[in-house]
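Residues per chain, in single letters:
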Amino acid sequence: MPACRLLSCLAAVLLSACASVGPSTPSAAYAQAFERAAQQDSMRSECDWSVRYAPVAPRDASVAQLQAIATARLAALQLAPAWTLSMPGSAAHAFTESEEDRAGLQLLLSIVLPAMERYPAGVFARTGLRHVVLVKDLSVDGQRRLAMPAPEIDSVVYADNMLAALCPSGMELRVHHEYYHFIEYRLFNDFYYRDPAWLALNPPGTAYGQGGATAYGKGFQNLGHPQPGLVSLYAAYGPEEDKAEVFGWMKTPAYALRLEQWTAVDPALLAKRQRLMEVLQTLPGSY
């Protein structure tokens, strides 16, 4: 739950973001974009704003130095970074040596790297993940995104899209969520596989929406456990989002305890969590 009201949180984070990129006062356009991004953050209502992520390097580290750190840490996981993205329907920019980009890449790495390091050794190779694409200003079919799976290029993509305005642990949840979409595609060759065993776990009357893309751009708030069997409101947008949301809440420390509490009183959600672990165990030697 939020540790402070939105406006006070926004002011504190904005000051922090400004300090991270230097002493200059942000432009009016930047301040407006920052506030708009904060208002559109779907994880705002479920954020524990006290959870912060440690920088991966000194504040004055260059983009080249940050990229070298990412390369070394990802190599230990049998992964390699990519700093540009070229995919039909998607657009993104590479980080430059500007103060703003240095701060943005530092923040992105502070969340993505420890999130990826939570996984057992070798699991990425077993799922066919080879690259982590790290960019800024990601959009998919014109919609701004923070992350997406890209199994076509053996990758997951994570972006700084005004990340300083957003819930940090909410970004980690997205890291795991999108990786699960990647796993699902590798298992079933389909992002939208309607697993009959999963669907059978839903309480009577559960209905899914028209897919996760329909939640974007509406000020959507991803409230936790809105009804029996669903870990979050976003899970109701489709069975593929349901699975990825359970996985994301499981893997993100700031959210995992709440999931455990809900499964203690929600047999359907507990069964989904167990079913998800069974699916993951079909990956030889993993989890």
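Rules of the game
- Residues numbered from 1 in each chain as written.
- Predicted model: local features only at pLDDT ≥ 70, side-chain atom pairs only at ≥ 80, totals over all residues.
- Heavy atoms only, no water.
- Helix = DSSP H or I, 4+ residues; strand = E, 2+ residues; numbered from the N terminus.
- Expected span 1.5 Å × (residues − 1).
- Bend = angle between axes of the 7 residues up to and from the residue.
- Buried < 20%, exposed > 50% of the residue type's maximum accessible area, 1.4 Å probe, protein only.
- Contact = heavy atoms within 4.5 Å.
- Polar contact = N/O pair within 3.5 Å; in protein donor to acceptor, adjacent residues only side chain to side chain.
- Disulfide = S-S within 2.5 Å.

**Focus on helix α4 (residues 99-116)**
Thought 1: With 18 residues, α4 ought to run about 26 Å at 1.5 Å a step, and its terminal C-alpha atoms sit 26 Å apart, in line with that.
Thought 2: At Leu109, α4 shows its maximal kink, close to 25°.
Thought 3: Counting buried positions over the 18 residues of α4 gives 13, a clear majority of the element.

**Side note on unusual backbone geometry**
Thought 1: Of note, Gln78 is a non-glycine position whose phi angle comes to about 65°, a positive value.
Thought 2: Of note, Gln78 is situated in the loop between α3 (63-75) and β1 (80-82).
Thought 3: Exposure remark for Gln78: the relative accessible area of 51% places this residue in the exposed category.
Thought 4: Even without being glycine, Asp141 reaches a positive phi, approximately 50°.
Thought 5: Summarising the element assignment, Asp141 is placed in the loop between β3 (131-140) and β4 (143-144).
Thought 6: Classification of Asp141 by relative accessible area gives exposed; the value is 67%.

**Looking at the environment of His225**
Thought 1: Along the chain, the position of His225 falls in strand β7 (residues 224-227).
Thought 2: In this structure His225 comes out as partly exposed when scored by relative accessible area, which is 22%.
Thought 3: In this structure, the C-alpha to C-alpha distance between His225 and Thr263, residues 38 residues apart in sequence, is 10.0 Å.
Thought 4: Excluding its chain neighbours within four sequence positions, the residues that come into contact with His225 are Leu230, Val231, Ser232, Trp262, Asp266 and Leu269.
Thought 5: Of note is the side chain of His225, whose polar atom sits 2.7 Å from the side chain of Asp266.

**Things to note about the state of the cysteines**
Thought 1: Within the structure shown, the criterion is met by one disulfide.
Thought 2: One disulfide in the model links Cys47 with Cys167; its S-S distance is 2.2 Å. As the torsion about the S-S bond is roughly 85°, the Cys47-Cys167 disulfide counts as right-handed. Of this pair, Cys47 sits in the loop between α2 (28-40) and α3 while Cys167 sits in the loop between β6 (155-160) and α6 (168-188); the two residues are 120 residues apart in sequence, bridging distant segments of the chain.
Thought 3: We classify Cys167 as buried; its relative accessible area is 0%.

By themselves these figures say nothing about function.
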